[in-house]
Amino acid sequence: MSGAPDTKNGGELPSGVVREALTALSLAVARARQALLWESVWPVLVAVLSLLGIFLSLSWAGLWISLPPYGRIAGSIFFALLLIAVLIPAIRIRIPGLREGVTRLDRNNVSAHRPATALTDKLATKSEDPMAAALWRAHLARTAETAKNLRAGMPRPRLALRDPFAFRALILLALVATYFIADSDRTRRIAAAFDWTGALTPRLYRVDAWITSPLYTGRAPVLLAGIRHDEAAPGEVAQVSVPAGSMLIVRGTNLAALDLVIDGKLQEEPNEKPDAAKTGAEKTGIERHFRILEDASITVKGLPVGEAKWSFRAIADQPPTIRLAKDPEIAGRSALNLAYGVSDDYGVTAAEAQFERVMPLHPNASSLTPRPLVPAPNFALVLPQARTKSGVGQTTKDLTEHPWAGATVTMTLIARDEGGNEGKSEPRQITIPQRSFQKPVARVLIEQRRELAFDANARGRVQAALDALMIAPERFTPEANVYLGLRTASTRLRIARSDDDLRGVIDYLWEVAVLIEDGTLSDVERDLRAAENALRQALERNASEQEIKKLMDQLRAALDRYMKALAEQLRNNNNPDLQRPDPNARVLRPQDLKNMLDRIERMAKNGNRQEAQRLLDQLQSMMENLQKNRRAGPQQNQENPLDRLGRMIQEQQRLRDRTFRQGQSNRRQQQQGEGQKKNGQNQMGQLRQGQGDLRQQLEKMLEQLRKRQRQQNGQDQQGPGNDAADALDKAEQAMRDAENQLGQGDADGAADSQGRALSQLRRGAQAMADAMQQRGPGDGPGDPEGPEAESADRTDPLGRPVRSREFGDDFTVKVPDEIDAQRARRVLEELRRRLSEPTRPQLELDYLDRLLRDY
């Protein structure tokens, strides 16, 4: 009965119906044998998979990393024995034969009497009996009809009899749960079951931990007490205070797993270093990274030498503070000068001045909601250093060309640190400085420009104002270019179809107003201002060296054209006082401007962009002062009274010396002839005339001083200013006595009077200097302005940096920059890498360990 079913029945070939039945029978027998084989294999396979699921669930749950090496060995042996026991039934598995397949078909098809056996059976008697043969063929034909419906049936391994409590489902549930619990640590936890280092052979391992603060804090890494195989574990370590957001790195060398228990909020982050960049120690061990967000602790367990627990206190990053150090001022012609103090625990990285318009109550305002066309002129503030922990900064910004110039706004200073925190100053209401226009038509254009910029709905009123300016051009706008400019502005406003068109009208109104006010010089002045702004924006966004060099060349060319145009205007001016330089004025040579431009370019190339911006602000202030002095004339370039008084003291000293020598000469010449006496009288006359001229200069200075005191109505009349006036009055009286004595030929008495005058002049100079110091810079005639005043607040008379009274800055201390901090981090990383390599000599490892501990 082995092999395929027999096709010979009663010695005759079966009919076509019987042949088809035998083919169907062969296929059914094959399926039945497969079902029988699966019923024998599946229970063994389920047992093996269940055992594997139990092993993986326990591994991912962390069983092996918490057991010592001997416990891992025992667990591995236990699971190995269970695997052998489960695989023993597999030895008895045999492939089912033809008889078993036919029997299964007969058992599954009970509707007919053993149909599969009947088709494979043979006639027991000889086939000579025709009646028996006919009956046999009839039996086969009837059975063949039912053979087409034979079914092997589905395999029935009967697992419910072997596992009536369905433990296999519980194993599957545990496997899924622990899979997500282990997360990215699955492979390491499985491998820990076969890590028997320390039981079979001595294990040289160590666990190091350190904290790396965020880069912007500038703090050095903190090395924590580690664990070594030959030392007792440190146990609970004292709490460490670190900035929030610091990275805790725990590295285990020659360890396959680390059992870490976390208490608190520690966010684990993946080790982003690629495998190719890892060192040998990192490849043979394990390294885990945690972000410290709040107070937390972490404990290392499962090591023979004991446990180590590290606790951390997270210090939150405080927002920066910023405030005005003094009231906003107007620098130069009309630039806004802001002095402000900033402070932060780790350093301010950016600051900004923001403006918000104070809405006035306009009687003719439209009922519509205002629709501004131009945003607020917010601008970045210059910081004293790249990361300023505490300091005073100063920024000068020219906003005269902005449509908001002249408007009343609320200014708020904003400081930001690298941690994303933001601090704001108290809002301050100011008026943005605007350029002073002397010509009425220019002033009207600026007013209408501002109104249109604040509200696009006001275009009707602005249109009416422009049309009104052109009513009588022969009286109000006799210049043809001015009238054409007004006509063009009115036409552009009338045909404007979008906000961009209206903004173009706003810009054009400024050009027309400047052309009316300044004439042709405004073109080169505008080019110079545009070149300065382009370079400043490039420095703020850290542009490339090629772009900086190109903008510097453009600035040099614009400055050269401006100086040539200014010289041409001075030559064409009919006022000789403007063409004749003031001998007491500070001369600004072209070489000085060239040197400043070279310094700006050099600072930008060296990466010191903030210093380059500061120098650019100084250059802008110098040019504004030059324009201011050019327009104001020499009357505003007056000499400092203290300097004039100093020259008077020197002149009085020379006169006294000459008078003393003349007195000695007169005594020697008393016995000589008339010719010598006449010569002495001529010398005394010259001394008297010189003394008289000096006295008149002092009288003029006293008159100016008294006039200024009268203008300061309400001030204390016993202050330092009165002390200077009293001293100078006494000096003037002593000069008058000396002049009379010189006229009488009394050289010795004149010398004594000149000595008293000299003493009172020095006393007056000291009182005047004290008064000027109490009033501060910019209060009084001759006080310095512009970049000199700015540098005077930061340096002493010898050019040395001084401390700020309010913020206590010390600019002489070199603060390590980011490059120094990065270099220190690299050195520490190299020391840790070498310390984690067990192949190095023990003497070197001990030395490296002492270095890191001392650090």
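On a predicted model such as this, the values are computed, not experimentally measured, just so you know.

*Asks:* Looking at this structure, I do not really get the overall build of the protein chain. What am I missing?
*Replies:* Scanning the protein chain for helices and strands turns up 27 helices and 17 strands. Counting all 855 residues of the protein chain, 41% fall into the buried class. By sequence separation, contacts in the protein chain at least 24 residues apart represent 75% of the contacts at least 6 residues apart. As displayed, the protein chain has an accessible area near 47400 Å², and 53% of this comes from carbon and sulfur atoms.

*Asks:* What is the right way to look at the nonpolar core in this model?
*Replies:* Considering soluble globular proteins, one finds that nonpolar side chains tend to be buried as a cluster. Judged by nonpolar contacts, the single largest core of 53 residues is most densely connected at L338, F355, L381 and L445. When residues of this core are traced back to their parent elements, those giving at least two are β12 (335-357), β15 (408-417), α11 (440-454), α12 (459-469), α14 (480-494) and α15 (499-518). Among the elements that line this core, the one with the most residues is α15, at 10 residues. Each residue touching L381, except ones within four places of it in the same chain, is listed here: I322, L338, Y340, A351, E352, A353, T395 and L413.

*Asks:* Looking at this structure, how should I read the pattern of salt bridges?
*Replies:* Two side chains carrying opposite charge are able to pair once their charged atoms lie near each other. If you walk through the whole model with that rule in mind, you get 29 salt bridges. Of the charged contacts in the structure, one is a salt bridge between E422 and R416, with a shortest N-O distance of 3.0 Å. Among the residues examined, E422 registers a relative accessible area of 39% and is labelled partly exposed. According to the relative accessible area criterion, R416 is partly exposed, its value standing at 27%. Across the salt bridge formed by D467 and R494, the nearest N and O atoms sit 3.6 Å from each other. Of the two residues, D467 is situated in helix α12 and R494 in helix α14; the sequence distance between them amounts to 27 residues.

*Asks:* When you look at the confidence of the model for the protein chain in this model, what are you seeing that I'm missing?
*Replies:* Reading fine detail from the predicted coordinates is not recommended where pLDDT is low. Of the residues in the protein chain, 74% reach a pLDDT of 70 or more, and the chain-wide mean stands at 75. Per-residue pLDDT stays below 50 along residues 1-13; that stretch engages in 24 contacts with residues further than four places along the chain or on separate chains. With pLDDT under 50 throughout, residues 632-638 is counted as low confidence; its partners more than four residues away or in other chains account for 8 contacts.

*Asks:* Would you mind showing me how to read the packing of α11 against α12 here?
*Replies:* When two helices pack together, their arrangement is captured by the angle between the axes and the distance separating the axes. At a closest axis distance of 9 Å, the pairing of α11 and α12 adopts a crossing angle of 165°. Taken as axis vectors, α11 and α12 run roughly antiparallel relative to one another. Seen along the crossing, α11 lies across α12 with a hand that is left-handed. Here V444, L445, Q448, E451 and L452 of α11 lie close against α12, whose contacting residues are R459, R461, V462, A465, L466 and L469.

*Asks:* Would you mind going over the environment of F79 with me for this structure?
*Replies:* Following the sequence through the fold, F79 ends up in helix α3 (residues 69-87). Placed 28 residues apart in sequence, F79 and L51 show a C-alpha to C-alpha distance of 7.9 Å. Leaving out residues up to four positions away in the same chain, F79 has contacts with L51, I54, F55, L58 and W64.

*Asks:* Help me out: how do you make sense of helix α19 (residues 590-605) in this one?
*Replies:* Side chains of residues three or four places apart in an α-helix project in the same direction, reflecting 3.6 residues per turn. Taking 1.5 Å as the rise per residue, α19 with 16 residues should run 22 Å; its terminal C-alpha atoms sit 23 Å apart, in good agreement. Every buried residue belonging to α19 is among L593, M596, L597, I600, E601 and A604, and all of these are buried. Take α19 and look down its axis: the buried residues cluster within an arc of 135°, on one side only. Phi turns positive, to about 95°, at G607, one or two residues after α19.

*Asks:* I'm lost on α14 in this one. Help?
*Replies:* Taking 1.5 Å of rise per residue, 15 residues should cover 21 Å, and α14 covers 21 Å from first to last C-alpha, within 8% of that figure. Residues V482, G485, L486, A489, S490 and L493 constitute the buried set of α14. Viewed along the axis of α14, the buried residues span an arc of 130°, placing them on a single side of the element. Those residues of α14 that are exposed and aimed more than 90 degrees away from the buried face are A480 and L484. Of the surrounding elements, those touching the buried residues of α14 are α11, α12 and α15.

*Asks:* Is there a simple way to think about the pairing of strand β9 (residues 308-315) in this case?
*Replies:* Sheet faces and side chains relate simply in a regular strand, where the side chains alternate between the two faces. The pairing of strand β4 (residues 235-236) with β9 spans 2 bridges and is classified as parallel. If you follow G235 over to β9, its bridge partner there is A308. When strand β5 (residues 240-243) meets β9, the two strands line up parallel, connected through 4 bridges. Bridge pairing links V240 to F312 in β9. When strand β8 (residues 286-301) meets β9, the two strands line up antiparallel, connected through 5 bridges. If you follow T299 over to β9, its bridge partner there is K309. Adjacent in sequence and paired antiparallel, β8 and β9 are bridged by 6 residues, among which G302 carries a positive phi angle near 80°.

*Asks:* Would you take a moment to explain the side chain of S76 for this structure?
*Replies:* Residue position: S76 is located in helix α3. If near-sequence neighbours (up to four positions away) are discounted, S76 is found in contact with W64, A193, F194 and W196.

*Asks:* Where do I start with the packing of aromatic side chains in this structure?
*Replies:* What describes a pair of aromatic rings is the distance from one ring centre to the other and the angle between the planes of the rings. On inspection of all chains with the given rule, the structure shows 12 aromatic pairs. Lying across the ring of Y179, R186 places its NZ or CZ 3.7 Å from the centre. If you follow R357 out to its NZ or CZ, it ends over the ring of F454, 3.8 Å from the centre.

*Asks:* I keep staring at the packing of α14 against α15 and nothing clicks. Help me out?
*Replies:* With their axes 10 Å apart at the nearest point, α14 and α15 run at an angle of 170° to one another. Classified by the angle between their axes, α14 and α15 sit roughly antiparallel to one another. Between α14 and α15, the contacting residues are N481, V482, G485, T488, A489, R492 and L493 on the first element and L502, G504, V505, Y508, L509, V512, L515 and I516 on the second. Tallied by class, residues from the contact of α14 with α15 come to 10 nonpolar, 4 polar and 1 charged.

*Asks:* What is the right way to read a nonpolar patch on the surface from this model?
*Replies:* A contiguous nonpolar surface patch, about 610 Å² in accessible area, is contributed by L37, W38, V41, L45, L49, L52 and I95. Mapped onto the elements of the fold, W38 is located in helix α1 (residues 16-60). The partly exposed category is assigned to W38, whose relative accessible area is 38%.

*Asks:* Would you mind going over unusual backbone geometry with me for this structure?
*Replies:* A negative phi angle characterises most non-glycine residues, just as the trans form characterises most peptide bonds. One non-glycine residue, D183, adopts positive backbone phi at about 55°. With respect to the element layout, D183 can be found in the loop between α8 (167-182) and α9 (186-191).

*Asks:* Is there a simple way to think about the pairing of β15 in this case?
*Replies:* The buried count for β15 comes to 7 of 10 residues, which makes it a mostly enclosed element. In this structure, β15 lies alongside strand β17 (residues 428-431), joined through 4 bridges in antiparallel fashion. Bridge pairing links M411 to R428 in β17. Pairing between β15 and strand β16 (residues 422-424): 3 bridges, direction antiparallel. Bridge assignment links A415 to a residue of β16, and that residue is G423. The turn linking β15 back onto β16 is made up of 4 residues, and G420 within it adopts a positive phi angle of 90°.

*Asks:* Explain the environment of L173 to me, please; I cannot follow it from the model alone.
*Replies:* Here L173 is to be found in helix α8. The exposure class of L173 is exposed, given its relative accessible area of 58%. Between the C-alpha atoms of L173 and S57, which are 116 residues apart in sequence, the distance is 9.4 Å.

Calculation notes
- Residues numbered from 1 in each chain as written.
- Predicted model: local features only at pLDDT ≥ 70, side-chain atom pairs only at ≥ 80, totals over all residues.
- Heavy atoms only, no water.
- Helix = DSSP H or I, 4+ residues; strand = E, 2+ residues; numbered from the N terminus.
- Buried < 20%, exposed > 50% of the residue type's maximum accessible area, 1.4 Å probe, protein only.
- Contact = heavy atoms within 4.5 Å.
- Areas by Shrake-Rupley, 256 points an atom, 1.4 Å probe, with all protein chains shown as cover.
- Core = buried A, V, L, I, M, F, W, Y, C linked by side-chain atoms within 4.5 Å.
- Salt bridge = Lys/Arg side-chain N within 4 Å of Asp/Glu carboxyl O.
- pLDDT = per-residue confidence, 0-100.
- Axes fitted to C-alpha atoms, helices over the stretch in contact; angles between N-to-C directions.
- Parallel < 35°, antiparallel > 145°, perpendicular 65-115°, else oblique.
- Left-handed = near helix turned anticlockwise from the far one by under 90°.
- Expected span 1.5 Å × (residues − 1).
- Arc of directions from axis to C-beta.
- Pairing = 2+ DSSP bridges.
- Phe/Tyr/Trp six-rings, centres within 6.5 Å; stacked < 30°, edge-to-face > 60°.
- Lys NZ or Arg CZ within 6 Å of the ring centre and 35° of its normal.
- Nonpolar A, V, L, I, M, F, W, Y, C, P; charged D, E, K, R; others polar.
- Patch = residues over 30% accessible without salt bridge, like charges linked within 9 Å, V, L, I, M, F, W, Y side chains within 5 Å.

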